[in-house]
Amino acid sequence: MKHFKFIPAALVTACLIGGCGSSSSTATTGTKAPPVAPAEVKPGDEATLFPIAVGNQWTFDEQEAIVAGNGQRRTGQAEVTLRISKVSDANGGKQVTLDVLTGGKLTNRQGWLLTKDGLFQNQTGLKLDPVKPPQPIAKFPIKEGEVTKWAGVGTFGDDHQAKQTSELTTKGSRLVDTDMGQVSAILFQSVSTIQTTKTKGTTEMSLWLRPGTGIAKIEQKIMFAAGRQIIELTLKNFTPKAP
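Read on for a plain summary of the structure. (Residues numbered from 1 in each chain as written. Predicted model: local features only at pLDDT ≥ 70, side-chain atom pairs only at ≥ 80, totals over all residues. Heavy atoms only, no water.)

Let's talk about unusual backbone geometry
For clarity, the cut-off: Numbering of helices and strands starts at the N terminus; helices are DSSP runs of H or I of at least 4 residues and strands are runs of E of at least 2. Exposure categories follow from relative accessible area, calculated using a 1.4 Å probe and restricted to protein chains: below 20% of the type maximum is buried, above 50% is exposed, and the middle band is partly exposed.
Residues Lys 132 and Pro 133 are joined by a peptide bond in cis, for which omega reads -15 degrees. Summarising the element assignment, Pro 133 is placed in strand β6 (residues 129-139). Looking along the chain, the bond that leaves Phe 140 and enters Pro 141 is cis, with omega of -10 degrees. Tracing the chain through its elements places Pro 141 in the loop between β6 and β7 (147-156). The residue Asn 91 is not glycine, and still its phi comes out positive at about 50 degrees. Residue classification places Asn 91 among the exposed positions, given a relative accessible area of 65%. If you check the backbone angles, Leu 128 has positive phi at about 55 degrees while not being a glycine. With respect to the secondary-structure elements, Leu 128 resides in the loop between β5 (118-124) and β6.

Here's what the structure looks like:
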């Protein structure tokens, strides 16, 4: 499938979050910042992990590294915004269209489905090509250590159909650094294989979801014979729809 942005790949673009802004001791007083409480989500309240309303948006610092098969390395950085442009009822849940803006310009789209059973990606790319069946990226209710297996078909790269498999593991509450400081969020990690008629590769993705905020961080690694890509998005701010 295509990344959030930007280059082809599985689930979410290989781009996503780096660490920064962690709390530290105060030099003038010698006192430490209070510990961060673990993220907790009661059964039935999982929708707080991805607040949905048209206009909600998350802005990230992006750091990207691409290493070609010949060893040549390229790095870059940008500001990336994910903005909800559409919400509708679907399959007993909510279908969400996420616009991906890089430097203020629309560069990609993602379709996510939020239900009582979890958060799924069911569309990818500017054309919102289908992912069949929807691929789980967060499983509800939260059960630390739970593994969810998936197999399906989606679009990868230049509109190539790709067979894919993945294993999603619910890791539970973890500390994560953002530009707003260190927070606790629920971590979901997935490992996927991608097979087209021309190539085969793997992706690894970590997604942190924070109650009331949504996406706190994403990291993704994409590995193919032609090279590998690592993208980190560090959350700068979450801006909910104005009341």
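Let us keep going from here.
Quick look at the pairing of strand β3 (residues 93-102)
As a reminder of what qualifies: Strand pairing is defined by DSSP finding a minimum of two bridges between the two strands.
For β3, a buried count of nine out of ten residues is recorded, marking the element as mostly surrounded by other parts of the structure. Here strand β2 (residues 73-90) pairs with β3 via ten bridges, running antiparallel. When the bridges of β3 are listed, Ala 90 appears paired with Gly 93. The antiparallel pairing of β3 with strand β4 (residues 105-115) creates a hairpin that spans two residues between the two strands, and Gly 103 there sits at a positive phi of about 60 degrees.

Some words on the packing of aromatic side chains
Just so we agree on the cut-off: Only centres within 6.5 Å qualify two rings of Phe, Tyr or Trp (six-membered ring in Trp) as a pair; their planes then separate them into stacked at under 30 degrees, edge-to-face at over 60, and tilted for everything else.
Summed over all chains, the structure comprises three aromatic pairs. Between Phe 50 and Trp 58, the ring centres sit 5.6 Å apart and the planes meet at 15 degrees, which makes this aromatic pair stacked. Accessibility expressed as a relative area gives 1% for Phe 50, which makes it buried. Given a relative accessible area of 0%, Trp 58 falls into the buried group.

Looking at the nonpolar core
Soluble, globular proteins show a tendency: their nonpolar side chains are buried together. To be explicit about the condition: To form a nonpolar core, buried Ala, Val, Leu, Ile, Met, Phe, Trp, Tyr and Cys residues must be joined to one another through side-chain atoms within 4.5 Å. Any two residues whose heavy atoms approach within 4.5 Å are treated as being in contact.
The biggest cluster of nonpolar side chains holds 29 residues, and the ones touching the most others in it are Phe 50, Trp 58, Leu 82, Leu 119, Leu 209 and Ile 215. Sequence-distant contacts of Ile 215, defined by excluding residues within four places in its chain, comprise Phe 50, Trp 58, Phe 60, Leu 82, Trp 112, Leu 207, Trp 208, Leu 209 and Leu 235. Judged by nonpolar contacts, the second largest core, of six residues, contains Val 176, Val 183, Ala 185 and Leu 187.

A word on the pairing of strand β12 (residues 227-239)
Here strand β1 (residues 57-68) pairs with β12 via twelve bridges, running antiparallel. Within β12, the residue paired with Ile 66 across the bridge is Gln 229. Here strand β11 (residues 214-224) runs beside β12; their pairing, made up of eight bridges, is antiparallel. Of the residues in β12, the one forming a bridge with Glu 219 is Glu 232.

Fair warning: the whole summary comes from geometry, so function is off the table for now.
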